[in-house]
Amino acid sequence: MAKAKKLFIKTYGCQMNVYDSERMVEAMNSEGYVTTKNVEEADMVLLNTCHIREKASEKLYSDLGRLRAFKDIKPDLKIGVAGCVAQAEGEEIMRRMPLVDMVVGPQSYHQLPEMNRRLDKGQKAINTEFPAGDKFDHLPERKGLRGPSAFLTVQEGCDKFCSFCVVPYTRGAEVSRPTDRLLTEAHNLVEKGVRELTLLGQNVNAYHGRSKDGAWNLARLIRELAKIDGLERIRYTTSHPNDMGTELIAAHGDEPKLMPYLHLPVQSGSDRILKAMNRKHGRDSYLRLIESIRTVRPDILLSSDFIVGFPGETDADFTDTLDLIRTVGFGQSYSFKYSARPGTPAAEKTPIPTDIADDRLQQIQSLLLKQQRSIQSDMVGHEVSVLYEKKGRIAGQMVGKSNHLHAVHVHDPDAKVGDLVRVRIVESGPNSLGGKRL
Ligand code: SAH
Ligand code: SF4
Ligand code: F3S
């Protein structure tokens, strides 16, 4: 048998890319590749890129710069660029970067084996089309041993067109995967030991997948997945406030397998800025939504995304954002300085001075961190469930995630990865909690 070739894959950006990278690895397995963590021994390097902010997409070019030395030593090293930068700048990458052999957009991964064969013939390959149908249909079934927690992409793309965002252009229009494929994939994963599924989509709560009895929304999909024996936990991300339907909210109240954690990006607390962002929700409607979710699930941990320094953001707008944060109380959040992205409507507007944006970012991050730490310390004394994901650094220690998605360390020498246990939280550190097995 021919010696297996080595694939080095680097993943940037969101969880969707993490999922896609797994699927690309499986597609390349069927082409005789195994993965390596050592770029020096790679026969192929795949960079699965992110275009969301300028800094994210610049990483591709600096990594390509570093790869040039490897290709000089090993001229038959194949270099492929996948993901959202590939989609947005694919042809330019091919033109400007002669060391790149292949460019493949996020909707074309099923073409990888065929593209790889073209590379074997010494040709270059580029594919950034948006074909109809499920790109995952033509990829091999997910196999191989995995940890107890897995991602499952249920929906891709976005029709919202927030004025700052590239996702509708790089991932295309909203597409939901049919329910039978998802149930099959979920069953397969559970058979392989998965106990927690995180359903993924750029707009996951807009899910409307085809099934034998009409379209299912996300709430229906969650309820069906919850019937799978052995699957203990369900999460989903990322949601848009306008798609939080009543059935989905209700599921948070009465579906025990649906975890008490919700990532619900708000971006800003100012109605004026939300309008300029084309978010199509207001400050009050967001606050009302949070209230109705907390009514059915009082202990839910909320997380969000914020953009500061959006064009036209005044001190008063920014104060509104800080005020919204104080009103809601977020357990975990991401905040970003606005980054103008070519081709988006907001990029046409006059930016606000960098030092003001930097200062706001610092303020918002310190407030969010303070909230996060305080919500985390409040967990001390509480009983939570923890799903062990790996062994800790100290002998006999296990590390896992609580139902609220906090990382928890537990001394539990007889336990194994995949165990779901009851734990009392006894201490709160900077980035994780410590617990005692009950
Ligand atoms: N639908 C996904 C989108 C991923 S983008 C989601 O809502 O999570 C993740 C976050 O990146 C967005 O919520 C937003 O806060 C941030 N973001 C997107 N475009 C940005 C830009 N141009 N500048 C700064 N942050 C941006
Ligand atoms: Fe981007 Fe807005 Fe769509 Fe989220 S909802 S992916 S921020 S356009
Ligand atoms: Fe980045 Fe594309 Fe995800 S731009 S955040 S990798 S959808």
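Since the model is a prediction, treat every value here as computed from it, not as a measurement. Once a new chain begins, its residue numbering starts again from 1 and follows that chain's sequence as written. As they are written, the chains are lettered A onward and the ligands numbered 1 onward, keeping that order. Owing to the predicted nature of the model, reporting of local features is limited to residues with pLDDT of at least 70; listing and counting of side-chain atom pairs is limited to 80 or more, with chain, interface and lining totals taken over all residues. The side-chain values count all of the structure's non-hydrogen atoms but skip hydrogen atoms and water molecules.

Further remarks concern the pairing of strand 11 (residues 208-211). By the alternation rule, side chains of strand 11 split into Gly209 and Ser211, which are all buried, and His208 and Arg210, of which none is buried. Bridge analysis of strand 11 against strand 12 (residues 214-217) gives four bridges, and the strand direction is antiparallel. Bridged to His208 within strand 12 is Asn217. Here strand 11 folds back onto strand 12, and the loop between the two strands holds two residues. The buried label goes to any residue with under 20% of its type's maximum accessible area, the exposed label to any with over 50%, and the partly exposed label to all in between, with areas taken from a 1.4 Å probe on protein chains only. Each helix is a run of H or I in the DSSP string that is no shorter than four residues. Each strand is a run of E no shorter than two, and both are numbered from the N terminus. At least two bridges found by DSSP between two strands are what make those strands a pair.

Here is the rule: rings of Phe, Tyr and Trp (six-membered ring for Trp) pair when centre to centre is within 6.5 Å. Planes less than 30 degrees apart are stacked, more than 60 are edge-to-face, and the remainder are tilted. For the coordinates displayed, the defined rule picks out four aromatic pairs. With a centroid separation of 5.5 Å and an interplanar angle of 80°, the aromatic rings of Phe306 and Phe330 are classed as edge-to-face. Remark: Phe330 occurs in the loop between helix 11 (315-328) and strand 16 (332-337) and Phe306 occurs in strand 15 (residues 301-308); sequence separation between them is 24 residues. Across this residue pair, the class does not change: Phe306 and Phe330 are buried. Clustering of aromatic rings is evident, with ring pairs tying together Phe164, Phe310 and Tyr338. Here, a charge over a ring means that NZ of Lys or CZ of Arg falls within 6 Å of the ring centre while also lying within 35 degrees of the ring normal. Above the face of the Phe336 ring, Arg53 is positioned so that its terminal group lies 3.6 Å from the ring centre.

With that settled, the discussion passes to the site of ligand 2. Within the structure, ligand 2 sits among Cys158, Lys160, Phe161, Cys162, Phe164, Cys165, Val167, Pro168, Asn203, His240 and Arg279. When residue character is reported, Ala, Val, Leu, Ile, Met, Phe, Trp, Tyr, Cys and Pro are called nonpolar, Asp, Glu, Lys and Arg charged, and the others, Gly included, polar. Counted by class, the shell around ligand 2 contains seven nonpolar, two polar and two charged residues. The near set for a molecule or strand comprises every residue that places at least one heavy atom within 4 Å of it.

Next up on the list: unusual backbone geometry. Of note, the bond from Thr237 into Thr238 is cis; its omega dihedral lies within 30 degrees of zero at 5°. Tracing the backbone through its elements, the reader meets Thr238 in the loop between strand 13 (233-237) and helix 8 (246-254). Phi angles above zero are rare outside glycine, and Phe161 is one such case at about 50°. For Phe161, the location among the structural elements is in the loop between strand 8 (155-156) and helix 5 (167-170).

Before going further, it helps to examine the packing of helix 10 (residues 283-296) against helix 11. Simply put, an axis is a line fit to the C-alpha atoms, just over the touching stretch for a helix, and the angle between two N-to-C directions goes from 0 to 180 degrees. Two elements in contact, helix 10 and helix 11, have axes whose closest approach is 11 Å; the angle formed by their N-to-C orientations is 10°. Relative to helix 11, helix 10 is oriented roughly parallel. In contact with Arg283, Tyr286, Leu287, Ile290 and Arg294 of helix 10, helix 11 contributes Asp320, Asp323, Leu324, Thr327 and Val328. Looking at the contact of helix 10 with helix 11 residue by residue, the classes come out as five nonpolar, one polar and four charged. Just so you know how the angles are binned, under 35 degrees is roughly parallel, over 145 roughly antiparallel, 65 to 115 roughly perpendicular, and the rest oblique. Two residues form a contact once any of their heavy atoms are found within 4.5 Å.

None of this, on its own, says anything about what the molecule does.
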